[in-house]
Amino acid sequence: MTNDTEIYLDLAFSPCPNDTFIFHALVARRIDTMPFYFNPFIEDVEELNRRAFGGIHHITKLSFYAYLLLKDRYELLDAGAAMGFGCGPLLVAGESLKSLKNARIAVPGQYTTAYLLFQLWHGKTENVIFTRFDNILPGIASGEYDCGIIIHEGRFVYPDYNCVKVIDLGEWWETQTGLPIPLGCITIKSHMVEYKISVENLIRNSIDYARRHPSDSQGFIRSHAQEMDDKVISEHISLYVNEYSMFLDEQGKKAVSVLEEMARKQGLL
């Protein structure tokens, strides 16, 4: 991990445009990261959630649900979060669905905040099928699933799959709490907390560079963007990279506390 004054850290994040936008300047060394060198690992957020239970990466993106389950092992960073208003997961269905009772519900991961929100809204259910987020809309369209919880770019394209919105779980959260919805966060192993402030500042510098040089990261973002068109990529970044990505602030921290409190009351932690 260290070599004299050089510090080598694993950095795991998702291929979604908000994450690749945030971390491009960091991993491509467009900014001065000394004494840190970051080894990137890019994978779907649910895979990152699962890997965190094994403590595989020094710094990792997590769903806030996974973070709440792993608070004894990982420290929350005050930078890089996906949080805000109007950006929550949607429950969508094929146009023929009349009721959720006995419906086959596709969920983008056991430890995703999307699944936690669904359980807070609906209660526990046994009719869930865990699958990658990018399988859900095609699966509904093909009849494999009756409905599903969509995240990331799914909120922009679900009408293309002849799906209709059942509920916006983010809107439900906002109505219940008046707070931004905490979706994803960046965390560091608890025993490495001495690096916390330095890494937070580097993430902010990386975001600032990306905003000042938007064309520089386009190739990196597009190479991981699941064949999204440029308009969807731009909308995705605008929605999920915001003031909470720079600093959680008191409102953001309160949102995390309220999410934890609600989850504990329903026995979901």
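You'll find the structure just up there.
Bear in mind that the values here come from a model prediction, so they are computed numbers and not experimental data.

Considered for burial, the residues of helix α10 (residues 230-240) that qualify are Val-232, Ile-233, His-236, Ile-237 and Tyr-240. What you see down the axis of α10 is that its buried residues fit within an arc of 130°, all on one side. Facing away from the buried side of α10 by more than 90 degrees, the exposed set consists of Asp-230, Lys-231 and Ser-238. Elements in contact with the buried residues of α10: α1 (17-27), β6 (82-84), α6 (154-157), β12 (181-189), α9 (218-223) and α11 (243-246). The backbone nitrogen of Lys-231 lies 3.1 Å from a side-chain oxygen of the residue at the head of α10, namely Asp-229.

With that settled, consider the packing of aromatic side chains. Tallied over the entire structure, the rule returns 8 aromatic pairs. Where Phe-36 meets Tyr-195, the ring centres are 5.5 Å apart and the plane angle is 80°; that geometry is what we call edge-to-face. With Phe-36 in strand β3 (residues 36-42) and Tyr-195 in the loop between β12 and α8 (196-212), this residue pair connects regions lying 159 residues apart in the sequence. Here Phe-36 and Tyr-195 have matching classes, each one buried. Judged by centre distance (5.2 Å) and plane angle (85°), the ring pair of Tyr-115 and Phe-130 falls under edge-to-face. Of this pair, Tyr-115 sits in helix α4 (residues 113-122) while Phe-130 is found in strand β9 (residues 128-130), placing the two residues 15 residues apart along the sequence. In this structure an aromatic cluster arises from ring pairing among Phe-36, Phe-38 and Tyr-195.

To continue, consider the packing of α1 against α10. Look at α1 against α10: their axes get within 8 Å of each other, and the N-to-C directions meet at 75°. Regarding the angle of α1 to α10, the classification is roughly perpendicular. Residues Pro-17, Asn-18 and Phe-21 of α1 lie in contact with α10, whose contacting residues are Ile-233, His-236, Ile-237 and Tyr-240. Each residue belonging to the contact of α1 with α10 can be placed in one class, and the counts come to 5 nonpolar, 2 polar and no charged.

Definitions and cut-offs
- Residues numbered from 1 in each chain as written.
- Predicted model: local features only at pLDDT ≥ 70, side-chain atom pairs only at ≥ 80, totals over all residues.
- Heavy atoms only, no water.
- Buried < 20%, exposed > 50% of the residue type's maximum accessible area, 1.4 Å probe, protein only.
- Helix = DSSP H or I, 4+ residues; strand = E, 2+ residues; numbered from the N terminus.
- Arc of directions from axis to C-beta.
- Contact = heavy atoms within 4.5 Å.
- Polar contact = N/O pair within 3.5 Å; in protein donor to acceptor, adjacent residues only side chain to side chain.
- Phe/Tyr/Trp six-rings, centres within 6.5 Å; stacked < 30°, edge-to-face > 60°.
- Axes fitted to C-alpha atoms, helices over the stretch in contact; angles between N-to-C directions.
- Parallel < 35°, antiparallel > 145°, perpendicular 65-115°, else oblique.
- Nonpolar A, V, L, I, M, F, W, Y, C, P; charged D, E, K, R; others polar.

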